[in-house]
Amino acid sequence: MSASENRFRELLLRALSGDATAYHLFLKELCPYLRAYFRRRLAGLPDEVEDLVQEVLLAMHNQRHTYEKNQPLTAWIHAIARHKMVDLLRRRGKQDVLTTPLDDDTDMFAHSEIDAGDARHDVMKLLERLPDRQRLPIQHMKLEGLSAEETARLTGMSVSAVKVGIHRGLKMLAVLIKDER
Amino acid sequence: MKTDDLMRMLATGAAPVSSAAVASRFARGLGCGLLGAILVMVLVFGVRNDIAQAASLPMFWAKVLVPAVAVLAAVPLTMRLSRPGRTSGPAPLVLAGLLLFAWSSAAAVLLDAPAAGRAELIFGATWKTCTFNITLLALPLLGAAFWVIKGLAPTRPVCAGASAGLLAGAAAASVYALHCPEMAAPFLGIWYVLGIAVSTALGALLGFRLLRW
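Owing to the predicted nature of the structure, the values given are computational and were not obtained by experimental measurement.

Rules behind the numbers
Residues numbered from 1 in each chain as written. Chains lettered and ligands numbered in written order. Predicted model: local features only at pLDDT ≥ 70, side-chain atom pairs only at ≥ 80, totals over all residues. Helix = DSSP H or I, 4+ residues; strand = E, 2+ residues; numbered from the N terminus. Rg over C-alpha atoms; globule rule 2.2 N^0.38 Å. Buried ≥ 20, exposed ≤ 12 C-beta atoms within 10 Å, placed from the backbone. Contact = placed C-beta atoms within 7 Å. Axes fitted to C-alpha atoms, helices over the stretch in contact; angles between N-to-C directions. Left-handed = near helix turned anticlockwise from the far one by under 90°. Nonpolar A, V, L, I, M, F, W, Y, C, P; charged D, E, K, R; others polar. Domains from an automatic or database assignment. Parallel < 35°, antiparallel > 145°, perpendicular 65-115°, else oblique. Core = buried A, V, L, I, M, F, W, Y, C linked by C-beta atoms within 7 Å. Expected span 1.5 Å × (residues − 1). Bend = angle between axes of the 7 residues up to and from the residue.

**A short note on the overall build of chain A**
- Secondary structure assignment for chain A yields 9 helices and 0 strands.
- The order of α-helices and β-strands along chain A, N terminus first, is α-α-α-α-α-α-α-α-α.
- Rg of the C-alpha trace for chain A: 17 Å, near the compact-globule value of 16 Å for 181 residues, within the 12% margin.
- Projecting the C-alpha coordinates of chain A onto the three principal axes gives extents of approximately 50 × 35 × 25 Å.
- Across the 181 residues in chain A, those meeting the buried criterion constitute 40%.
- At a minimum sequence separation of 6, the contacts of chain A that also span at least 24 residues come to 66%.

**Regarding the packing of helix H2 (residues 20–45) of chain B against helix H8 (residues 157–176) of chain B**
All names here are of chain B.
- The interhelical angle for the contact between H2 and H8, taken along N-to-C directions, is 40°, at an axis separation of 10 Å. Considering how the two elements wind past one another, H2 and H8 form a crossing that is right-handed. Counting all contacts with H2, which are made through Leu34, Ala37, Ile38 and Met41, the residues of H8 involved are Ala171, Ala172, Val175 and Tyr176.
- Residue composition of the contact of H2 with H8, grouped by class: 8 nonpolar, no polar and no charged.

**Brief notes about the interface of chain A and chain B**
- Between chain A and chain B, the residue contacts involve 37 residues of the former and 23 residues of the latter.
- Within the residue set of the side of chain A that touches chain B, elements represented by two or more residues are helix H1 (3–16), helix H2 (20–41), helix H3 (49–62), helix H4 (73–92), helix H6 (123–127) and helix H7 (132–143) of chain A.
- Residue classes in the side of chain A that touches chain B are distributed as 18 nonpolar, 12 polar and 7 charged.

**Quick notes on the environment of Arg28 of chain B**
- With respect to the helices, strands and loops of the structure, Arg28 of chain B is situated in helix H2.
- Remark: the alpha-carbon pair of Arg28 of chain B and Ala144 of chain B, spanning 116 residues in sequence, is separated by 8.8 Å.

**Details of the domain arrangement of chain A**
Residues and elements named next belong to chain A.
- When its domains are assigned, chain A resolves into domain 1 (1–120) and domain 2 (122–181).
- Residue-level contacts link 8 residues of domain 1 with 8 residues of domain 2.
- Those elements giving two or more residues to the side of domain 1 that touches domain 2 turn out to be H3 and H4.
- Top contributing element to the side of domain 1 that touches domain 2 by residue count: H3, with 6 residues.
- Counted by class, the side of domain 1 that touches domain 2 contains 3 nonpolar, 3 polar and 2 charged residues.

**Points about the packing of H3 of chain A against H4 of chain A**
Residue and element names in this part refer to chain A.
- Running from N to C, H3 and H4 cross one another at 130°; their axes reach a closest spacing of 10 Å. Here H3 is positioned oblique relative to H4, judged by the angle of their axes. Where H3 crosses over H4, the two elements pack in a sense that is right-handed. The residues of H4 that touch H3, namely those facing Leu52, Glu55, Val56, Ala59 and Met60, are Ile80, Ala81, Lys84, Met85 and Leu88.
- Looking at the contact of H3 with H4 residue by residue, the class counts come to 8 nonpolar, no polar and 2 charged.

**Overview of the nonpolar core**
- Within the largest apolar cluster, 56 residues are counted, with the highest numbers of intra-cluster contacts made by Ala145 and Ala172 of chain B.
- Mapped onto this core, the elements with two or more residues apiece are H2, helix H4 (58–81), helix H5 (91–112), helix H7 (127–150), H8 and helix H9 (185–210) of chain B.
- Looking at this core, the element that brings in the most residues is H8 of chain B, giving 13 residues.
- Excluding residues within four positions of it along the chain, Ala172 of chain B makes contact with Ala37, Ile134, Leu137, Ala138, Leu141 and Ser199 of chain B.
- Judged by nonpolar contacts, the second largest core, of 53 residues, contains Met60, Leu73, Met108 and Phe109 of chain A.

**Overview of H7 of chain B**
- If you check H7 of chain B, its first and last C-alpha atoms are 35 Å apart, about what 24 residues at 1.5 Å a residue would give, namely 34 Å.
- At Leu139 of chain B, H7 of chain B shows its maximal kink, close to 35°; a proline, Pro140 of chain B, follows between one and four residues later.

What follows is the structure, given as structure tokens:
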């Protein structure tokens, strides 16, 4: 097993047990690899790359409960990245699917690309389209960094409603990003 | 939004994730689906009248248990196919083995029987309804299995749907065996298997439509 695999796995396991710092580090270190992965495969669609990176980050977040501790992390990440890429190509039409090499090279960590291009869709703007019971919890907890209790007091929602709102809001956000394409 | 901001947003206040939640969703979903199938069987078809005598025959238990073993193989298969990056594991081999067992028993019975009695062994008295009834009993289970899978992330939605259909069909066959009076291996090898196959195909079809994310 590669050193990257071990490092990322350790970070994600800490993240899944509630360590937000480890989670941030995990996302930050993984991101350049995702970007390089898509840049190499979507050479004809450079404008799509950063949007796809964001879509995959959000998908990984929403689906992080599907990672099993004994499972190779590389395979898990690769499957999500490839799934989202194929989905994008399918939506853009068959031509792109035929011209894009969909190799099963699972070496996620062979190339990395720090330089972020521009995402064309502003997730902030999409956030505004969410209903209040989802938008406000995300605003207060995820952007301003308040605790669930503080958010509950501020919005008049219960703590569990705040948590549900964030969960559903981020899922809805993933749907909105996809539909924007 | 810059990707950096998105990552910060995702990480901020990220709650711990429990892995037990998936197993509990699976148990709840399949429990409800199985209950639904049993209810439909009892209310619509009724348990066979001679179940007390039938329970002393090995064939009765084969009818219940062979599909039940298929369920035991299909549950982990469906779980695996509902998670990104998982292979199908050993379950397809177990399922192929069960099919081989069902068909070879059917063939042995047919070869052993006089030519005139073979049609009776194949068609029994209920061949026209058997496959349809099993598919009907599979529906509550299929719905429950899809509800479970929707909470996960199948990257091969057609396979995950087919596996859920197989799981539902096999469980339905096991439940239907409590009603169905047929006891001939050729009948079971054809019409029961066909019922499970229809449910599997239905699952694959619906998987393509409903399990994309």
